[in-house]
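Here's the letter readout for the chains.
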Amino acid sequence: MKENAIFQALRLGQSIWCDFLSRDLLRSGKLDEMIASGVRGVTTNPSIFENAICRTSGYDEDILALVLKGRSREEIYSLLTVTDVREAADRFLPLYEESGGGDGFVSLEVSPLLAHDGKGTVAEAEQLWSLVSKRNAMIKIPATPAGMGAIERCTEKGISVNATLIFSREQYKEVAEAYMAGLESRAKSGRSLRGIASVASFFVSRVDTAVDRLLQGSGKEALQGKIAVDNARAAYRDFERIMASPRWRALEAKGASVQRPLWASTGTKNPSYPSTLYVDSLIGPHTVNTIPPATLSAFLESGTVSLTVTGDRQGGEARLAALEQAGISLGSVTKILLDEGLAAFEKAYMDLLDGIGRKGKELASLKK
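Residues numbered from 1 in each chain as written. Predicted model: local features only at pLDDT ≥ 70, side-chain atom pairs only at ≥ 80, totals over all residues. Heavy atoms only, no water.

Student: An account of the overall build of the protein chain is requested, with residue identities and associated values reported.
Tutor: Assigned secondary structure in the protein chain consists of 16 helices and eight strands. Computed over its C-alpha atoms, the radius of gyration of the protein chain comes to 20 Å, within 12% of the 21 Å expected for a compact globule of 368 residues. Dimensions of the protein chain, computed from the C-alpha atoms along their principal axes, are close to 65 × 55 × 50 Å. A burial count over the protein chain gives 55% of its 368 residues as buried. (Helix = DSSP H or I, 4+ residues; strand = E, 2+ residues; numbered from the N terminus. Rg over C-alpha atoms; globule rule 2.2 N^0.38 Å. Buried < 20%, exposed > 50% of the residue type's maximum accessible area, 1.4 Å probe, protein only.)

Student: Provide a residue-level description of the packing of helix α9 (residues 169-188) against helix α11 (residues 227-243), including the pertinent values.
Tutor: Relative orientation of the contacting elements α9 and α11 amounts to 30°, with a least axis distance of 9 Å. By the angle between their directions, the pair α9 and α11 is classed as roughly parallel. Our pair here, α9 against α11, has a crossing hand that is right-handed. Residues R169, Y172, K173, A176 and M180 of α9 form the contact with α11, whose own contacting residues are N231, A234, A235, R237, D238, F239, R241 and I242. (Axes fitted to C-alpha atoms, helices over the stretch in contact; angles between N-to-C directions. Parallel < 35°, antiparallel > 145°, perpendicular 65-115°, else oblique. Left-handed = near helix turned anticlockwise from the far one by under 90°. Contact = heavy atoms within 4.5 Å.)

Student: Tell me about the packing of aromatic side chains, and name the residues and values.
Tutor: Summed over the entire model, instances satisfying the criterion amount to seven aromatic pairs. Summarising the aromatic geometry, the rings of W17 and F105 are spaced 6.3 Å apart at their centres and angled 45° between planes, so their arrangement reads as tilted. Of this pair, W17 sits in strand β1 (residues 14-18) while F105 sits in strand β3 (residues 105-109), placing them 88 residues apart in sequence. For W17, a relative accessible area of 0% corresponds to the buried category. (Phe/Tyr/Trp six-rings, centres within 6.5 Å; stacked < 30°, edge-to-face > 60°.)

Student: Before we move on, could you go through helix α4 (residues 46-54) and cite the residues and values that matter?
Tutor: If you check which residues of α4 are buried, you get P46, I48, F49, E50, A52 and I53. Summarising the contacts, the buried residues of α4 are in contact with α5 (60-68), α6 (73-98), β3 and α16 (330-367). Between a side-chain oxygen at the N-terminus of α4 and the backbone nitrogen of S47 the separation is 2.9 Å; the capping residue is N45. (Polar contact = N/O pair within 3.5 Å; in protein donor to acceptor, adjacent residues only side chain to side chain.)

Student: How would you explain the environment of S160 if you had to name every residue and give the values?
Tutor: Within the fold, S160 resides in the loop between α8 (145-156) and β5 (161-166). When near neighbours in sequence (up to four residues on either side) are disregarded, S160 contacts W129, A137, M138, I139, G195, I196 and A197. At 3.0 Å, the side chain of S160 and the backbone nitrogen of A197 are in polar contact.

Student: For the pattern of salt bridges, give the residues involved together with the corresponding values.
Tutor: Taken as a whole and assessed by the stated rule, the structure comprises 30 salt bridges. Its salt-bridge partner being D103, residue R40 comes within 2.7 Å of it at the nearest N-O pair. Of this pair, R40 sits in the loop between α3 (30-36) and β2 (41-42) while D103 sits in the loop between α6 and β3, and the two are 63 residues apart along the sequence. Judged by relative accessible area, D103 falls into the buried class, the value being 4%. D238 is paired through a salt bridge with R241; the nearest N and O atoms lie 2.7 Å apart. Of this pair, D238 and R241 both sit in helix α11, three residues apart, which is roughly one turn of that helix. Taking the relative accessible area as the measure of exposure, D238 reaches 4% and is therefore buried. Within this structure, R27, D32, E87 and R91 form a network of salt bridges that share partners. (Salt bridge = Lys/Arg side-chain N within 4 Å of Asp/Glu carboxyl O.)

Student: Can you break down the side chain of T43 residue by residue, with the values?
Tutor: With respect to the helices and strands, T43 occurs in the loop between β2 and α4. For T43, a relative accessible area of 1% gives the class buried. A distance of 2.8 Å separates a polar atom in the side chain of T43 from a polar atom in the side chain of D19. Looking at T43, its side chain comes within polar contact range of the side chain of T290, at 2.6 Å. Residues within four places of T43 in sequence aside, it is in contact with W17, C18, D19, F20, I48, S107, K140, N162, L262 and T290.

Student: Tell me about the packing of α6 against helix α7 (residues 118-132), and name the residues and values.
Tutor: For the pair α6 and α7, the least separation of the axes is 9 Å and the interaxial angle reads 55°. With respect to each other, α6 and α7 are oriented oblique. Regarding α6 and α7, the two cross each other, and that crossing is right-handed. In this structure, α6 contributes S78, V82, V85 and R86 to the contact, and α7 contributes L128, L131 and V132. Residue classes in the contact of α6 with α7 are distributed as five nonpolar, one polar and one charged. (Nonpolar A, V, L, I, M, F, W, Y, C, P; charged D, E, K, R; others polar.)

Student: Describe in detail unusual backbone geometry, supporting the description with residues and values.
Tutor: In the Ramachandran plot, S133 falls in the positive-phi region, its phi being about 50° despite a non-glycine side chain. Within the secondary structure, S133 is located in the loop between α7 and β4 (137-142). In this structure, L165 is a non-glycine residue whose phi angle is positive, near 60°. Note that L165 resides in strand β5.

Structure (structure tokens):
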């Protein structure tokens, strides 16, 4: 029997995770089916939970019970999401153990309101890590300037971190530096590096969405639909250089685990592009691709699997140079995308809290 695309990608060193989690996915058996099909982890964010909690009835019973106990919106959000993440982590635990701690992770994000508060981020990361209390959990921390220090500090404390909202190579290299610095501090104090995992979530499709718009009427339209993949592949080259460095080799010798590049935002936004463009184009060793359900189905149905993350390096460099020559600064674009990403997650978080508040009132009024 022919292996499906997920297992084919795994043979080339890439783990496929699902970029979605909900109570229905857990309780209906769909997550178990995904795991059987080769999915090796789950990522979440405020937008995902806003859709799951506020737009379905799957959480209503728990929301009502917590409202009747006098819990705040924030407490209800935390309890609901931690419950889901703990349950998902249990489902993935056999895979985590089978892979020697290499896969089987479930990510939960700190509050977007803390994106520029390093100390607050560390405090919440510690709280979530303790509440979830699963070896195969990861705490998502945005790769903001404040977040870099939080990533380093959490790594030193032994918390597995998913560094998220990375759009540029500069951000990626700073995240890698923060991870290594945290490991070095931990090793210096005589603590073990084993069992600490991390991924660097590099966002892909949003880059094309922004750059394609700027390329319209520039005479350089041939670059449309290319820059996002070229940018990610360039970051992968940075990853290769870091992993080959004496500094990393020294940490690896002490038991450190590789911080894998994770390709995020890999559903295509432009309907004229192939639905699996950002999956097919970024397959390779020591990588993760976290894929939304619709794109995951498309990848299983029609994905093309080969070693692609190291492909067309000269062409990619030429296209990135041509973009700058066209007067479009990729650095400026990625900075805007980070700001927009932070704003979007903050809005989703606030909408989620408002939705929980409304649901709680409605359900409580019906109970009377």
